[in-house]
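# Remarks on the overall topology
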Amino acid sequence: MKIALGSDHAGFSLKENVIEYIEASALTYIDHGVFSEDSADYPDIAASVAQAVQSGESEYGILICGTGIGMAIAANKYQGIRAALCGEAYSAKCAREHNDANILTMGSRVIGSGLVLSIVDVFLNTSFAGGRHNNRLHKISLLENDKMN
Ligand code: RB5
C-alpha cells in the first residue's frame, strides 16, 4: 500500500514522525513536501496529495497542517476525494468504515505525536464497511456532479 504524505510548515515535524512510523511498517510512501519549516501555503500541498490519490498513484493520503482544517477544505475540492479531519482514533475508524475516507488530515497544533500515530494506525488498518454506507457515498458523488440540486 502506497501513502501520499504532505504537510505545510506547521505540520512538517509531525510528518517526519509519520514517515518514521511508515518506514517501520510494510507500507511505502511518497513525500509531497514540505521539506522544512519555512512558511508554505497548505493548498499547494493538499492539491499535490489529492491528485496523487485521485489518480490512483497512492491509495491513501495523509495531510498535516496547524489545525488540519485548511488541508481538509482544500483536498475536498477534488472529485472523488473524501478527506476527513480526525483528532482521535474513533473518528479515524468511522472515517474509514462509514465514509471510505481516502485522505486523513490532522492538526499539529491540536494533537501530539502519540495521538497522531494511533490515529494513522487505525485509519490505515480499517476497511470500508460498505452496505448501507454505499448509497450515502453515491449521494456524495451526485453532489460532486451537481445532480442533487
Ligand atoms: C498556518 O499558520 C495555518 O494556518 C495552517 O497550518 C492551517 O492550520 C490551516 O488550516
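Everything in this summary refers to the structure shown in the same document. Just so you know, the residues in each chain are numbered from 1, in the order the chain's sequence is written. With pLDDT at 70 or above as the cut-off, local features in this predicted model cover only qualifying residues; side-chain atom pairs require 80 or more to be listed or tallied, and sums for whole chains, interfaces and linings still use all residues. With hydrogens and water stripped out, all remaining heavy atoms of the structure feed into the side-chain values.

### Considerations on the pattern of salt bridges
Put simply, the rule reads: For salt bridges, the criterion is a side-chain nitrogen of Lys or Arg within 4 Å of an Asp or Glu carboxyl oxygen. Think of it in three bands: with a 1.4 Å probe and only protein chains considered, a residue is buried below 20% of the maximum accessible area for its type, exposed above 50%, and partly exposed in between.
One pass over the full model with this rule turns up 5 salt bridges. Across the salt bridge formed by Lys15 and Glu16, the nearest N and O atoms sit 3.9 Å from each other. For Lys15, a relative accessible area of 1% puts it in the buried group. A relative accessible area of 31% means that Glu16 is categorised as partly exposed. Among the charged side chains, a salt-bridge network with shared partners connects Lys15, Glu16 and Asp31.

### Thoughts on the site of the ligand
This is how the line gets drawn: The criterion for a residue being near a molecule or strand is simple. One of its heavy atoms has to lie within 4 Å of it. Here a polar contact is recorded for every N or O atom pair within 3.5 Å, except that within protein the pair must consist of a potential hydrogen donor and a potential acceptor, and residues adjacent in sequence are included only if both atoms are side-chain atoms. Only the protein chains shown count as cover for residues, and all accessible areas are computed by the Shrake-Rupley method using a 1.4 Å probe. Under the convention adopted here, Pro, Cys and the residues Ala, Val, Leu, Ile, Met, Phe, Trp and Tyr are nonpolar, Asp, Glu, Lys and Arg are charged, and Gly plus all remaining residues are polar.
Taken together, the residues surrounding the ligand are Asp8, His9, Ala10, Tyr42, Cys65, Gly66, Thr67, Gly70 and Arg109. Gly66 is positioned such that a nitrogen or oxygen atom in its backbone is 2.7 Å from an oxygen atom of the ligand. A distance of 2.9 Å separates an oxygen atom of the ligand from a polar atom in the backbone of Gly70. Here the ligand, which alone exposes 290 Å², has 72% of that area covered by the protein. A breakdown of the residues in the shell around the ligand according to their chemical character gives 3 nonpolar, 4 polar and 2 charged.

### Concerning the packing of helix H4 (residues 89–97) against helix H5 (residues 113–124)
The test is simple: Axis lines are fitted to C-alpha atoms, over the contacting stretch for helices. Their N-to-C directions set the angle, which ranges from 0 to 180 degrees. Each helix is a run of DSSP H or I of at least 4 residues and each strand a run of E of at least 2, with the numbering of both proceeding from the N terminus. Oblique is the label for any angle not under 35 degrees, not over 145, and not in the 65 to 115 range, which are roughly parallel, roughly antiparallel and roughly perpendicular in turn. Should the near helix be turned anticlockwise from the far one by less than a right angle, the crossing is left-handed, and should it be turned clockwise, the crossing is right-handed. Note on contacts: a residue pair qualifies if any of its non-hydrogen atoms lie within 4.5 Å across the two residues.
For the pair H4 and H5, interaxial distance at closest approach is 8 Å and the crossing angle is 20°. Our classification of the angle between H4 and H5 gives roughly parallel. Crossing handedness for the pair H4 and H5: right-handed. Residues Ala89, Ala92, Lys93, Ala95 and Arg96 of H4 pack against Ile119, Val122 and Phe123 of H5. The class makeup of the residues in the contact of H4 with H5 is 6 nonpolar, no polar and 2 charged.

### Regarding a nonpolar patch on the surface
Note the following rule: The residues that make up patches have over 30% relative accessible area and no salt bridge, and they are joined within 9 Å when like-charged or within 5 Å when they are Val, Leu, Ile, Met, Phe, Trp or Tyr.
Taken together, the side chains of Ile69, Ile73 and Leu85 make up a nonpolar region of the molecular surface, amounting to roughly 270 Å² of accessible area. Along the chain, Ile73 turns up in helix H3 (residues 69–75). Of the residues examined, Ile73 reaches a relative accessible area of 52% and is grouped as exposed.

### Quick look at the environment of Leu104
Here Leu104 is to be found in strand S5 (residues 103–107). Given the relative accessible area of 0%, Leu104 is considered buried. Distance from Leu104 to Leu115, taken between C-alpha atoms, is 13 Å for residues 11 residues apart in sequence. Leave out the neighbours within four places in its chain, and Leu104 touches Gly61, Ile62, Leu63, Ala84, Cys86, Ile119, Val120 and Phe123.

### Things to note about H4
An α-helical turn contains 3.6 residues, so any two residues separated by three or four positions project in the same direction. Taken together, the buried positions of H4 are occupied by Ala92, Cys94, Ala95 and Arg96. Buried residues belonging to H4 abut strand S3 (60–65), strand S4 (83–85) and H5. Measuring from the side-chain oxygen of the N-cap residue of H4 to the backbone nitrogen of Tyr90 gives 3.1 Å; that N-cap residue is Glu88.

### So, the packing of aromatic side chains
Keep this limit in mind: The criterion for an aromatic pair is that two Phe, Tyr or Trp rings (for Trp, the six-membered ring) have centres within 6.5 Å, with stacked assigned to planes under 30 degrees apart, edge-to-face to planes over 60 apart and tilted to the rest.
Counted under the stated rule, the structure contains 1 aromatic pair. Measuring from centroid to centroid gives 5.7 Å for Tyr60 and Phe123, while their planes differ by 75°, and the two rings are edge-to-face. With Tyr60 in strand S3 and Phe123 in helix H5, the pair connects residues that are 63 residues apart, well separated along the chain. Given a relative accessible area of 0%, Phe123 falls into the buried group.

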